[in-house]
Amino acid sequence: MSPATSTFSTYESPLHEILSNIGTGAIQLPDFQRGWVWDDDHIRSLLASVSLSYPIGALMLMETGGDGLRFKPRLVEGVDASEREKPEHLILDGQQRLTSLYLAIQCGRPVPTKTSKGEDIERFYYLDMGLCLDPDADRTDAVVSVPKDRKITSDFGRRVELDVSTREKEYEACFFPLSLVFTPAEFTEWKMGFHESHDFDPDKSRFLMQFENEIWLKFQQYKIPVIKILKDTPKEAVCQVFERVNTGGVTLSVFELVTATFAADDFSLRDDWEEKERELHDYEVLKDFDATSFLTAVTLLASFQRHLQTGGAVSCKRRDVLNLSLGDYQRLAGSIMQGLKDAARLLAGEKIFDARSLPYTTQLIPLSAICAHLGKRFEEVPVKQKIKRWYWS
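Calculation notes
Residues numbered from 1 in each chain as written. Predicted model: local features only at pLDDT ≥ 70, side-chain atom pairs only at ≥ 80, totals over all residues. Heavy atoms only, no water. Helix = DSSP H or I, 4+ residues; strand = E, 2+ residues; numbered from the N terminus. Rg over C-alpha atoms; globule rule 2.2 N^0.38 Å. Buried < 20%, exposed > 50% of the residue type's maximum accessible area, 1.4 Å probe, protein only. Contact = heavy atoms within 4.5 Å. Areas by Shrake-Rupley, 256 points an atom, 1.4 Å probe, with all protein chains shown as cover. Lys, Arg positive; Asp, Glu negative; His and termini not counted. Charge placed at Lys NZ, Arg CZ, Asp CG, Glu CD. Core = buried A, V, L, I, M, F, W, Y, C linked by side-chain atoms within 4.5 Å. Pairing = 2+ DSSP bridges. Axes fitted to C-alpha atoms, helices over the stretch in contact; angles between N-to-C directions. Phe/Tyr/Trp six-rings, centres within 6.5 Å; stacked < 30°, edge-to-face > 60°. Lys NZ or Arg CZ within 6 Å of the ring centre and 35° of its normal. Polar contact = N/O pair within 3.5 Å; in protein donor to acceptor, adjacent residues only side chain to side chain. Parallel < 35°, antiparallel > 145°, perpendicular 65-115°, else oblique. Left-handed = near helix turned anticlockwise from the far one by under 90°. Disulfide = S-S within 2.5 Å.

Another point: the overall build of the chain. What the chain contains, in helices and strands, is 16 helices and 12 strands. Over its C-alpha trace the chain gives a radius of gyration of 29 Å, far above what one expects of a compact globule, namely 21 Å for 393 residues. In terms of its C-alpha atoms, the chain occupies a principal-axis envelope of roughly 100 × 60 × 35 Å. Here the chain holds 393 residues, and 46% of them are scored as buried. Of all intrachain contacts in the chain linking residues separated by at least 6 positions in sequence, the fraction that spans at least 24 positions is 72%. In the structure as shown, the chain presents an accessible area of about 20,300 Å², 49% of it carried by carbon and sulfur atoms. Averaging the positions of the 48 positive and the 60 negative side-chain charges in the chain gives two centres separated by 9 Å.

This is how it looks when you write it as C-alpha cells:
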C-alpha cells in the first residue's frame, strides 16, 4: 500500500511579507483569475479589520514548479511590470483581499476603485489617529479614503472639509497615511516630523506613542493563515478547489484552465479557438458547438489513438481534458476540424441543417472524432451507412 500523501500544507505568514512578495512578483495570479473588483467601502472595511487584528479569512496559494501544474502567471494589479520575476506561488483564493491591501498599503499610488454606486474613483487611504484611539468610535469611520489630490471638499468643491495634501497638514489633522505602515525608514521620518510639527508637545508625543503601540504595531504583527497547494497536485484537483472556494464568482470552465496551461508554453488557445469557431460557424448545424466540446473531441481522439497503441481505456472525462497536452492538441485539432465538417455534411444528408434541429447535441463530440479517425474512408458508402445507423441508434 502506498503511503498517504497530502496535496496541501498550512502555515501563518506575516501580512508585510505577503505584500512584499506580491511587490517583487514572487506571488502572482494564474492567468485564468478574473480581475480585481472591490469598491471603496470593501477596502475601508478590510483595512479596519486588520487594524483591529480581526481575521480576514485564510488565503490559498498554489506552489509553482511542478512538472504537470504549469499556468501562465500575471502580476497582481498595481505591481510594476519591471519588477516581474518567476513566481514561487500563485493566488487561488484571496485575490480581492490581497490586491486591495497591496494597492492601499504597498503600492504608493492612488487606488483605482469604485464608489458603492459603481462610479470610478481614485483614492489614498489614511487612519484618523484620534478615532482609532477612541474606544467608542467605529473603526471603519477611522479609515478615511481621500481623492488623489488628498483633499475632501463639499459644496461643489468650494469648501475644503479635509486637506492632507502635505506632510504638515497630515500632522495637523493627525491623519496617518497607510502607505507608510510597512516602510520603517519613512515611518520613522514621519514620526520625527510629527513631533517637530507639534513642537515636541508631551501630550502629542504620548498620543503618537499610543497610536504606535495600539494601531501601527498591530499591522506589523498581523498574520494571515495560508493554505498552500503543493506543486504535485493534479490539475483537475486545482480546478475543483478553485471552483469551490470561488462559489460567489463566475464558474471556471475547463476551456479557461486549459487555456492557462497552454499559455505557459506561449500558445494562445483562445485565439486559436476563435479562428476555428469562425470557420465552424459557416455550418449552421455547428453553431452551438463550443470550445469545451472541441477540446473534448480532441481529447477523445487522442485517447482512442493511445488505446490503439497501448490497449488502455478510451476516455474524455473532465480529468482527461484537463490533462490534454499541447502537443496532442496541435497534432489533432486540424483532424477534428475536418471531422466536424464531415459530420455536418453527413447530418445535412439526414435533413438536419441547423443546431436547433439537431436531435443529439452531445453526439457531435464522438461523431466528429469518428469522422476524424476515418479520414478519407468517411466517403465510402458502407462506412457512411454504419455511421448513420450508429448515430440514430
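Let's shift gears to the side chain of His198. Position of His198 among the secondary structure elements: in the loop between α7 (184–197) and α8 (202–221). Given a relative accessible area of 18%, His198 falls into the buried group.

Phe294, Tyr329, Ile336 and Leu367 are the most contacted members of the largest nonpolar core, which has 54 residues in total. In terms of residue count, helix α14 (residues 326–349) provides more of this core than any other element does, 11 residues in total. Not counting residues within four places of it along the chain, the set of residues in contact with Ile336 comprises Phe294, Ala297, Val298, Leu301, Ser368, Ala369 and Ala372. With 53 residues, the next largest nonpolar core counts Trp36, Leu180, Phe194 and Leu208 among its residues.

Moving on: the sheet that holds strand β4 (residues 73–74). One key point about sheets: their strands pair by backbone hydrogen bonds, in either a parallel or an antiparallel sense. The 6 strands lie next to each other as β1-β12-β3-β5-β2-β4, forming an open sheet whose pairing is mixed. Each having just a single partner strand, β1 (8–14) and β4 make up the two edges of the open sheet. The sheet contact formed by strand β2 (residues 27–30) and strand β5 (residues 89–93) spans 2 bridges and is parallel. Each bridged residue has a counterpart across the sheet, and for Ile27 the counterpart in β5 is His89. Its contacts with the sheet put helix α1 (residues 15–24) on β1, β2, β3 (59–63) and β12 (223–229), and the angle it makes with β1 is roughly 100 degrees. Across the sheet, helix α3 (residues 95–106) is in contact with β2, β3, β4 and β5; its angle to β5 comes to roughly 120 degrees.

With a phi angle near 65 degrees, Ser53 is a residue other than glycine that sits in the positive phi range. Mapped onto the elements of the fold, Ser53 is located in the loop between α2 (40–51) and β3. Backbone geometry at Cys174 places phi at a positive 55 degrees, although glycine is not the residue there. Looking at the secondary structure, you find Cys174 in the loop between α6 (167–173) and β11 (175–177).

Under the criterion given, the structure shown has 15 aromatic pairs. Where Phe187 meets Trp216, the ring centres are 4.5 Å apart and the plane angle is 5 degrees; that geometry is what we call stacked. On the criterion of sequence distance, the pair formed by Phe187 in helix α7 and Trp216 in helix α8 is long-range, its members being 29 residues apart. Assigned by exposure class, Phe187 and Trp216 land together as buried. Among the aromatic residues, those joined into a ring-pair cluster are Tyr171, Phe176, Phe187, Trp190, Phe194, Phe211 and Trp216. Looking at Arg150, its charged tip hangs above the ring of Phe124, at a distance of 3.6 Å from the centre. One residue, Lys204, lies across the ring of Phe207, its end atom 5.4 Å from the ring centre.

On to helix α10 (residues 254–263), then. Of all 10 residues in α10, 10 are buried, a share of seventy percent or more. Of the positions making up α10, those classed as buried are Val254, Phe255, Glu256, Leu257, Val258, Thr259, Ala260, Thr261, Phe262 and Ala263.

A separate point is the environment of Asp39. Here Asp39 lies in the loop between β2 and α2. Residue Asp39 is classed as buried on the basis of its relative accessible area of 16%. For the pair Asp39 and Trp390, spaced 351 residues apart in sequence, the C-alpha separation works out to 55 Å. Setting aside residues up to four positions removed in sequence, Asp39 forms contacts with Thr113, Lys114, Thr115 and Ser116. Within the structure, Asp39 has its side chain in polar contact with the side chain of His42 (distance 2.9 Å).

Quick look at the pairing of strand β9 (residues 151–154) now. Direction of pairing for β9 relative to strand β10 (residues 159–163): antiparallel, over a ladder of 4 bridges. Looking at β10, one finds that Ile152 is bridged to Leu162. Remark: 4 residues form the turn of the hairpin made by β9 and β10, two consecutive strands paired antiparallel; Asp155 in that turn has positive phi of roughly 55 degrees.

Contact pair helix α12 (residues 291–310) / helix α15 (residues 364–374): the axes reach a minimum separation of 9 Å and the direction vectors enclose 50 degrees. The angle between the axes of α12 and α15 places the two elements in the oblique class. Where α12 crosses over α15, the two elements pack in a sense that is right-handed. Taking contact as the criterion, the partners of Ser293, Thr296, Ala297, Leu300, Leu301, Phe304 and Leu308 in α12 are, on α15, Ile365, Pro366, Ser368, Ala369, Ala372 and His373.

Per the stated rule, a full pass over the model turns up 0 disulfides. Cys371 provides the cysteine sulfur closest to Cys316, a residue in no disulfide bond, and the two sulfurs are 15 Å apart.

What follows deals with the pairing of β3. Counting buried positions over the 5 residues of β3 gives 4, a clear majority of the element. Bridging between β3 and β12 involves 4 bridges; their strand directions are parallel. Looking at the pairing, Met62 lines up with Ile229 of β12. Two elements, β3 and β5, share 4 bridges in a ladder whose sense is antiparallel. Paired with Met60 across the strands is Asp93, a residue of β5.

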